[in-house]
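Architecture and fold: a report
Here is what each chain is made of, one letter per residue.
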Amino acid sequence: MFAYYFKLGLRSLRRNPALTALMVITLAVGVAASVSTLTILHMMSSDPIPHKSARLFVPLIDPDPLDNYTPGQKQDDIQITYPDAMNILKSGLGVRRTALYGVAGSVEPPRREIPPFNMGGLAPTRDFFAMFDVPFAYGQAWTEADEARGADVVVLSRPMAEKLYGDVNPVGKRLNLMGFPYTVVGVTEKWKMLPRVYLLQGGSPYATGEEFFIPLATAVRHETQHNGGMSCSGNIGPGFAARLASDCTWVTAWIEAASAGDRSEIQSWLDSYASQQRKLGRLKRNAPNRLFDVPGWMEYTGVVGKDAKLQTWLAFGFLALCLVNTIGLLLAKFSVRASEIGVRRALGASRTEIFRQFLIETVVVGLVGGVLGLLLAVGALKLIALSGKAMANLAQMDWQMLGLTFVISVFAAVLAGLLPTWRACQVTPAIQLKSQ
Amino acid sequence: MEIRPIFSALMRNKTGPILVALQVALSLAILANALHIVNERRGIMGRPSGMADEHAVFRINVRTLGNETPEQQLADIKRQSEVLRAVSGVAAVAQVSQMPLSTSGSNTSLALDQRQNKESAVGSVYVSGDSLIKTFGLKLVEGRDFLAPELVDVNEATENVFPPGVIITRPLAEKLWPGASAVGKTMYFGTGAEAQPTRILGVVENLISAHGEFNERAMHSVLIPQRAYGGGRGTLYAVRAEPGQRDRVMKEAEAALRKSSPLPLILDFTTTDEDRSNKYRGTVTVSWMLITVSLLLLVVTCCGIVGMASLWVTQRRKQIGVRRALGARRIDVLRYFILENFMITSAGVFGGVALGLALNQLLVSKLEMTRLPGGYLIAGAVVFWLLGIVASYGPAWRAASISPATATRSV
């Protein structure tokens, strides 16, 4: 019977073309609006490293002076000071630790036909690659010895390596970077975290990935300027050394624990570290030391834009309107078929059968609307992707969203069809037959 | 006179009217809020930058390969500034620390008194050894521009110098000293005992900050008379071309800079127009999306009203015929349907006003939006009343054209 009703449903699409087209289009537009905004929200808020996001922790220690402070106030910056980051690196907490800051610098391509250009990257410690699952195409991360010496070594991204050296293994080659000769030790495979939680500073968290990596110690030794924000509460002295020693926040630290349960251990280390620093005259605010896992960090830093949420809400409001509209149209469509229902009922069809038939018919409308809505959503996402690189990274439909589109459209159609279908079941055969 | 019978007819068959009213209510609520948001964004994008003829201004970011000493950098800045000034069609050149709306720059907290520990305002800091009033085309409304001896060279790698005098924007002056003249007054960089005093030498009408925040902070800028070098981040120049010559000047400036440098240079040219459109790109996208949804809302609601009204007309053909046969004129039938629709729309409009306020309340509390001015709801109500009348006119006209003879024949 299902297949037959399905066929009937398809056929009835043609019966009242104007009304049906209106219904399908209304549903499609509603589905398209909600799916396209939901796709962006989904991509923005998706966990970029799901299998270990619960055991990667980022600490915040508020170094600002006591004045200007009301207890409970949110810290100005989402970074920490260089001395605190160094102490966390040395702490032995968890299984791995890293500290990092964004860098940008000039590069002199070995191939003369490319003029010098600027590239953006990261200065982490070597554990960063293992902590964030960075895959390598050639070579590997720099060694601990390199890191200890602050050696001039660099890891390039795959697109950057290809741009500079073509399609060969560049490990061991020399590269003039920011005025110093670096040795290439590795090339990362194409790797992009969306959002790039490890450093929510300097540029959009959804923009392109890193182009190169140099050891933190090397960056500090060469006094490489950081690329991103810095928050200072007092007036600091001139020069790079003063910044390193200052209470300015410009570094991010990460701790990878063996399990999510080690959180309290890390928290208590942070608290005892902070009280020890207070004895040395720092951290006057005595503000709570905060520790976030990846989802908590995304929540705290508000990476998911308010605009994205706003759009999604409005789009779902719009879908609700489309639903109400479809209910009205379905009522109209079914009401003219009262006599047909009367005949079926008189010939022995039960109410359940009528209910089934008309519900399947609305599902057909929902499916057609869903397919059209999906096409419209893909078009809308293409349009949205034109508005900048970050958006182009976000406006991408995945299988999850495809499935969700299907579910939303059918669910919407069934929801819209319930009342009209119930009404159709209420038809009394006698009256219908009499009036014919 | 007709309202009572129409009302009792509506009460007998509630589903359809409720659906239409619900549609009107939902659309009105969303439309009013969406248009409010769009208008607010437009206001933000339409804020003046304070620069005269923005289209004539561009920035150049210059990086040199290799590591230069701070002294070499200072020599470079002076030489490159001269090279740029010599390009024909260049009206003014300034080496500067940040550019308006470029989304990269620094802020400082400002205080009125050394004893206070809470800042009075946050200023966006423009550090330049040249006249930004000339290069940006700012309007000086009080006081004076910097004099040549006040423009000092500062090696950022070794010294930390606070300027004895600065120029601020009028909105910042108003914030610090409401209703009073700012010129000659003293303010402090930072708060607390370490705060450094400076005097206000001049006030410019406006200059938007580098980040173009979406609040009043965007207009709080401070001009500092220093040629800063040795920071190791490349050098930024603001260049004003003669009107209409920007694109040609950019090409010639690039050639001139490359020719003048013994080392290869990395040059990055960006016009202020590009900075502005990059800064507001997301805002424009949101606005267009909201406008599209608003238009679709109107279309869908209109379709809904037409559809339901047509249905009612079809269902009541016989009754209309009877009424006509009993002496009702066409105009009476037309009026009946339009009035009926008006009543339904009105119910929707009242519901929509309440729903709109509730939605706004939600947006205010969850997404930090501003309150919805009543004007949007009133305008929305008028729009939907008109929409209701226009949309129901077609079906009502068809109802009125039903001839009594055909309608009563089948009875």
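Criteria and cut-off values
- Residues numbered from 1 in each chain as written.
- Chains lettered and ligands numbered in written order.
- Predicted model: local features only at pLDDT ≥ 70, side-chain atom pairs only at ≥ 80, totals over all residues.
- Helix = DSSP H or I, 4+ residues; strand = E, 2+ residues; numbered from the N terminus.
- Buried ≥ 20, exposed ≤ 12 C-beta atoms within 10 Å, placed from the backbone.
- Core = buried A, V, L, I, M, F, W, Y, C linked by C-beta atoms within 7 Å.
- Contact = placed C-beta atoms within 7 Å.
- Expected span 1.5 Å × (residues − 1).
- Axes fitted to C-alpha atoms, helices over the stretch in contact; angles between N-to-C directions.
- Parallel < 35°, antiparallel > 145°, perpendicular 65-115°, else oblique.
- Left-handed = near helix turned anticlockwise from the far one by under 90°.
- Nonpolar A, V, L, I, M, F, W, Y, C, P; charged D, E, K, R; others polar.
- Domains from an automatic or database assignment.
- Arc of directions from axis to C-beta.

All names here are of chain A. Tracing the backbone shows Gly-296 in helix 10 (residues 294-301). Its 15 C-beta neighbours within 10 Å are what place Gly-296 among the partly exposed residues. Taking C-alpha positions, Gly-296 is 51 Å from Ile-354, a pair spaced 58 residues apart along the chain.

Time to look at the nonpolar core. Within the largest apolar cluster, 102 residues are counted, with the highest numbers of intra-cluster contacts made by Leu-27, Ala-32, Leu-314 and Phe-318 of chain A together with Leu-28 and Val-293 of chain B. Those residues within four positions of Ala-32 of chain A in sequence are excluded, and the remaining contacts are Gly-373, Leu-376, Ala-377 and Ala-380 of chain A. Membership of the second largest hydrophobic core comes to 64 residues, among which are Ile-80, Ala-104, Leu-122 and Met-160 of chain A.

Before going further, it helps to examine helix 10 (residues 330-367) of chain B. If you check helix 10 of chain B, its first and last C-alpha atoms are 52 Å apart, about what 38 residues at 1.5 Å a residue would give, namely 56 Å. Immediately beyond the C-terminal end of helix 10 of chain B, within one or two residues, lies Glu-368 of chain B, with a positive phi of roughly 55°.

Residue and element names in this part refer to chain A. With their axes 7 Å apart at the nearest point, helix 2 (residues 17-45) and helix 13 (residues 351-385) run at an angle of 45° to one another. It follows that helix 2 is oblique to helix 13 by the angle criterion. Here helix 2 and helix 13 pass one another in a crossing that is right-handed. In contact with Met-23, Val-24, Leu-27, Ala-28, Val-29, Val-31, Ala-32, Val-35, Ser-36, Thr-39 and Ile-40 of helix 2, helix 13 contributes Val-365, Gly-366, Val-368, Gly-369, Gly-370, Leu-372, Gly-373, Leu-376, Ala-377, Ala-380, Leu-381 and Ile-384. Residues belonging to the contact of helix 2 with helix 13 are distributed by class as follows: 17 nonpolar, six polar and no charged.

This brings us to the domain arrangement of chain B. By the assigned domains, chain B splits into domain 1 (3-46 + 281-409) and domain 2 (67-262). The centre of domain 1 of chain B, based on its C-alpha atoms, is set 55 Å off from the matching centre of domain 2 of chain B.

Given 3.6 residues to a turn, an α-helix orients residues that are three or four positions apart in the same direction. Residue and element names in this part refer to chain A. Along helix 12 (residues 338-346), the residues classified as buried are Ile-341, Gly-342 and Arg-345. Down the axis, helix 12 shows its buried residues gathered within 105° of arc, on one side only. Check the buried side of helix 12 and you find it contacts helix 13, helix 15 (399-425) and helix 16 (429-434).

What follows concerns the domain arrangement of chain A. Residues and elements named next belong to chain A. Domain parsing of chain A yields domain 1 (2-47 + 305-434) and domain 2 (56-292). On a C-alpha basis, the centres of domain 1 and domain 2 stand 49 Å from each other. Within the residue set of the side of domain 1 that touches domain 2, elements represented by two or more residues are helix 2 and helix 14 (389-394). Take the side of domain 1 that touches domain 2: its biggest share by element is four residues, from helix 14. For the side of domain 1 that touches domain 2, a count of residues per class yields four nonpolar, one polar and one charged.

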